[in-house]
Amino acid sequence: MTDTIRRGEAGYDEERTGFQAAVEHRPDLIYTAENAADIGAAVEFAAAHRLPVAVQATGHGRSVPASGGVLISTRRMTGVRVHKDARTASFGAGARWDQVIDECAPHGLAPLSGSAPHVGAVGYTLGGGLGLLSRQHGYAADTVRSIEVVTPDGVLRTVTADTEPDLFWTLRGGRDNFGVVTGLEVELFPVARLYGGGLSYSGDRAQFIVDTYLSWTEALPEPMASSLALARFPDLPVIPEPIRGRYVAQVRIAYAGEPGEGAELLAPLRAAAPRLLETVRDMPYAQSGSIHNDPVEPVATCNTNVLLRTLDSAALLEHAGPDAPVPIIAEIRHLGGALARPPAVPSAVGHRDASYLLSLVTPLDGSTGFETVDAAHHRVHDGQRRGVTGRALNFLSGPAATVDRVREAYEPEDHRRLQRLKAQYDPDNLFRLNHNIPPAASV
Ligand SMILES: Cc1cc2nc3c(=O)[nH]c(=O)nc-3n(C[C@H](O)[C@H](O)[C@H](O)COP(=O)(O)OP(=O)(O)OC[C@H]3O[C@@H](n4cnc5c(N)ncnc54)[C@H](O)[C@@H]3O)c2cc1C
């Protein structure tokens, strides 16, 4: 039976918290869902009382805070089933990638998971899903076979490319604007091991390392995924001594092929400059989270991004380098390959012509206000304006996830189609505590 928690009742604070601590949900009522019927009951209740709905699995991608309304917490719905012969996995709304990866690993299979295995698999996939195997196999959203979703009218539907093509297109990229997904079935890929890790260089030579990295990415085979992060690492004992407290340029790679081939591909980067630290090794896919080593504890951050055709390294260093007015963790992710090809079944994921994703993260630790940080990020984006194609939904979170920026995650015609479908499925915009796509004024 569905459990509900009202404001002030035991368990309220524990249930409403999540990874992105810059956004605080304070709903009137929390539904702690255990199955699709619980989600149906929660959506029906919200619709009957015209209450706005927020959905949360892990809280990694929170944007608009729930101040009242209903929060549907899916984190108990963690079931995962691997269909080995069909090479697919089905999982519940609350499953994290590490749970899916662990079920797939004994079969020598892997999903299109990303840098952080503690991220929710459903939210990630519906938001596009840029993974370590994506240059070879595309966006995770494009590998979805079937979706179970409760639409804003409270109806539980099984949505595939054949049964409800509009909704199938919309949910894969439009994420949480069209209902609460109770479960997904996605394709898996025969990848058991990766040659991966990080190469850390002194930030004193950041411009040279960025330029070397950009030239290196021009001729890579699709199984080589990589990114370059520019950041000052905290002066904390958990950080390896060679990079502790230092401004570092760190290349992260994940090669889904033979380690010997991976080493050959890496040779130009290894020869470019001395490394402060290198962690590249042959590893099981289940250890892929160690490549980026993303933080696991909740943290308040401003997360923005732009998708780029070309990247201006001098402008990047000028506005996001060690002398930036606020500390910025800038990461360049190499795209292209399968990400640039049209998917077999079209989805709402946009801007496939981009060559790089430039994502920016700044901790909001109270010393600098959000407006100051957001303005500093804007200057970085503006410095790249000649190469910008749009934004990536998944890399926009916290207070920076405005309606205007969400619009820029889609091709203009696709956004208009999303607005028309929003008007059809959620005319009152009850699902607005999210990366919102407002309904078209009339359809
Ligand atoms: C450290 C870190 C690393 C990341 N790495 C990557 C990466 O490599 N690649 C990438 O593509 N993204 C990455 N992301 C972004 C991440 O994929 C998104 O933030 C994603 O939305 C997180 O989903 P969640 O369920 O964990 O978070 P939540 O905050 O719980 O949910 C995020 C959004 O998805 C919606 N949502 C969640 N579940 C459902 C559901 N069942 N039905 C409908 N809507 C739902 C929610 O409404 C919410 O708006 C990363 C984020 C972080 C913080």
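Quick caveat: nothing in here was measured; it's all calculated off a predicted structure.

The rules behind the values
- Residues numbered from 1 in each chain as written.
- Predicted model: local features only at pLDDT ≥ 70, side-chain atom pairs only at ≥ 80, totals over all residues.
- Heavy atoms only, no water.
- Domains from an automatic or database assignment.
- Contact = heavy atoms within 4.5 Å.
- Buried area = accessible area lost by both parts, 1.4 Å probe.
- Salt bridge = Lys/Arg side-chain N within 4 Å of Asp/Glu carboxyl O.
- Core = buried A, V, L, I, M, F, W, Y, C linked by side-chain atoms within 4.5 Å.
- Buried < 20%, exposed > 50% of the residue type's maximum accessible area, 1.4 Å probe, protein only.
- Helix = DSSP H or I, 4+ residues; strand = E, 2+ residues; numbered from the N terminus.
- Phe/Tyr/Trp six-rings, centres within 6.5 Å; stacked < 30°, edge-to-face > 60°.
- Lys NZ or Arg CZ within 6 Å of the ring centre and 35° of its normal.
- 1 Å grid on protein atoms, 1.4 Å probe; cavity = no way out; pocket = protein on both sides within 12 Å on 5 of 7 lines; lining within 4 Å.
- Points joined across faces, edges and corners; volume = space filled by probe spheres on them.
- Nonpolar A, V, L, I, M, F, W, Y, C, P; charged D, E, K, R; others polar.
- Near = heavy atom within 4 Å.
- Polar contact = N/O pair within 3.5 Å; in protein donor to acceptor, adjacent residues only side chain to side chain.
- Areas by Shrake-Rupley, 256 points an atom, 1.4 Å probe, with all protein chains shown as cover.
- Axes fitted to C-alpha atoms, helices over the stretch in contact; angles between N-to-C directions.
- Parallel < 35°, antiparallel > 145°, perpendicular 65-115°, else oblique.

Draft legend 1. Up close: the domain arrangement of the protein chain. One can read the domain layout of the protein chain as domain 1 (3–73), domain 2 (80–190) and domain 3 (193–407). Taken over C-alpha atoms, the centre of domain 2 sits 24 Å from the centre of domain 3. If you look at the interface, domain 2 gives 33 residues, while domain 3 gives 37 residues. Summed over the three residues of domain 2 that lose the most area to domain 3, namely Leu-130, Leu-132 and Arg-135, the buried surface amounts to 32% of that side. Summed over the shared surface of domain 2 and domain 3, the number is 1 salt bridge.

Draft legend 2. The arrangement of the nonpolar core in detail. Formed by 53 residues in total, the largest nonpolar core has its most connected members in Phe-91, Val-100, Ile-147, Leu-184 and Leu-194. Residue assignment for this core shows that the elements contributing at least two residues are β6 (88–92), α3 (97–104), α4 (121–126), β7 (144–150), α6 (165–174), β9 (180–187) and α13 (412–425). Two domains each donate at least three residues to this core, and these are domain 2 (80–190) and domain 3 (193–407). The residues touching Leu-184, leaving out its near neighbours within four places in the chain, are Ala-89, Ser-90, Phe-91, Val-122, Thr-125, Leu-126, Val-144, Ser-146 and Ile-147. Among the nonpolar cores identified, the runner-up in size contains 43 residues, and Ala-206, Cys-302, Leu-311 and Ala-324 belong to it.

Draft legend 3. Region of interest: the packing of aromatic side chains. Going through the model one piece at a time under the given rule, you end up with 4 aromatic pairs. Aromatic side chains Tyr-31 and Phe-45 sit 6.1 Å apart centroid to centroid with 50 degrees between the ring planes, which places their arrangement in the tilted category. With Tyr-31 in strand β2 (residues 29–32) and Phe-45 in helix α2 (residues 36–48), this pair connects stretches of sequence that are 14 residues apart. Overall, the relative accessible area of 8% leaves Tyr-31 in the buried class. Ring geometry for Trp-97 and Tyr-124: centres 5.4 Å apart, planes at 90 degrees, overall edge-to-face. Here Trp-97, found in helix α3, pairs with Tyr-124, found in helix α4; they are 27 residues apart in sequence, far enough to count as distant. For Tyr-124, a relative accessible area of 9% corresponds to the buried category. Taken together, the aromatic side chains of Phe-91, Trp-97 and Tyr-124 make up a single cluster linked through ring pairs. Over the ring of Phe-168 we find Arg-172; its NZ or CZ atom is 4.0 Å from the centre of that ring. The cationic tip of Arg-417 hangs over the ring face of Trp-169; the distance from NZ or CZ to the ring centre is 3.9 Å.

Draft legend 4. Highlighting the pattern of salt bridges. The final tally for this structure, using the stated rule, is 30 salt bridges. For Arg-193, the salt bridge goes to Asp-282, with nearest N and O atoms at 3.0 Å. Here the residue Arg-193 occupies a position in strand β10 (residues 193–202), and Asp-282 occupies one in strand β14 (residues 281–284), the gap between them amounting to 89 residues. On the accessibility criterion, Asp-282 (36% relative accessible area) is partly exposed. Its salt-bridge partner being Glu-278, residue Arg-275 comes within 2.5 Å of it at the nearest N-O pair. On the basis of relative accessible area, Arg-275 is assigned to the partly exposed category, the value being 34%. Its relative accessible area of 27% is what places Glu-278 among the partly exposed residues. Salt bridges sharing partners connect three or more residues here, namely Asp-13, Arg-16, Glu-24 and Arg-26.

Draft legend 5. The arrangement of empty space enclosed by the protein in detail. One pass over the structure, following the stated rule, counts 2 cavities of 30 Å³ or more. Considered as a void within the structure, the largest cavity measures approximately 180 Å³ in volume. Forming the walls of the largest cavity are 18 residues, and the residues nearest its centre are Gly-127, Tyr-139, Val-349, Ala-392 and Leu-393. Class assignment for the residues of the lining of the largest cavity results in 11 nonpolar, 6 polar and 1 charged. A domain-level breakdown of the lining of the largest cavity finds at least three residues from each of domain 2 (80–190) and domain 3 (193–407). Estimates place the volume of the second largest cavity at around 120 Å³. Lining the second largest cavity are 15 residues; nearest its centre among them are Gly-131, Leu-132, Ala-225, Ser-226 and Arg-333.

Draft legend 6. Quick look at the site of the ligand. Residues in contact with the ligand amount to 30 residues; listed here are only the nearest, Ala-57, Thr-58, Gly-120, Arg-175 and Asp-176. One of the backbone nitrogen or oxygen atoms of Ala-57 is found 2.7 Å away from an oxygen atom of the ligand. Burial of the ligand by the protein amounts to 95% of the accessible area it has alone, namely 950 Å². Sorting the residues of the shell around the ligand by element identifies β3 (53–56), α4 and β9 as the ones contributing at least two each. Looking at which element gives the most residues to the shell around the ligand, the answer is α4, with 4 residues. Its residues assigned to classes, the shell around the ligand comprises 13 nonpolar, 12 polar and 5 charged.

Draft legend 7. Layout of the packing of helix α10 (residues 313–320) against helix α11 (residues 370–383). Orientation of α10 relative to α11, taken along the N-to-C sense of each, is 170 degrees, at an axis distance of 9 Å. Between α10 and α11, the angle falls in the class roughly antiparallel. Only Arg-379, Val-380 and Gly-383 of α11 make contact with α10, whose side of the interface consists of Ala-315, Leu-316, His-319 and Ala-320. A per-class count over the contact of α10 with α11 returns 4 nonpolar, 2 polar and 1 charged.

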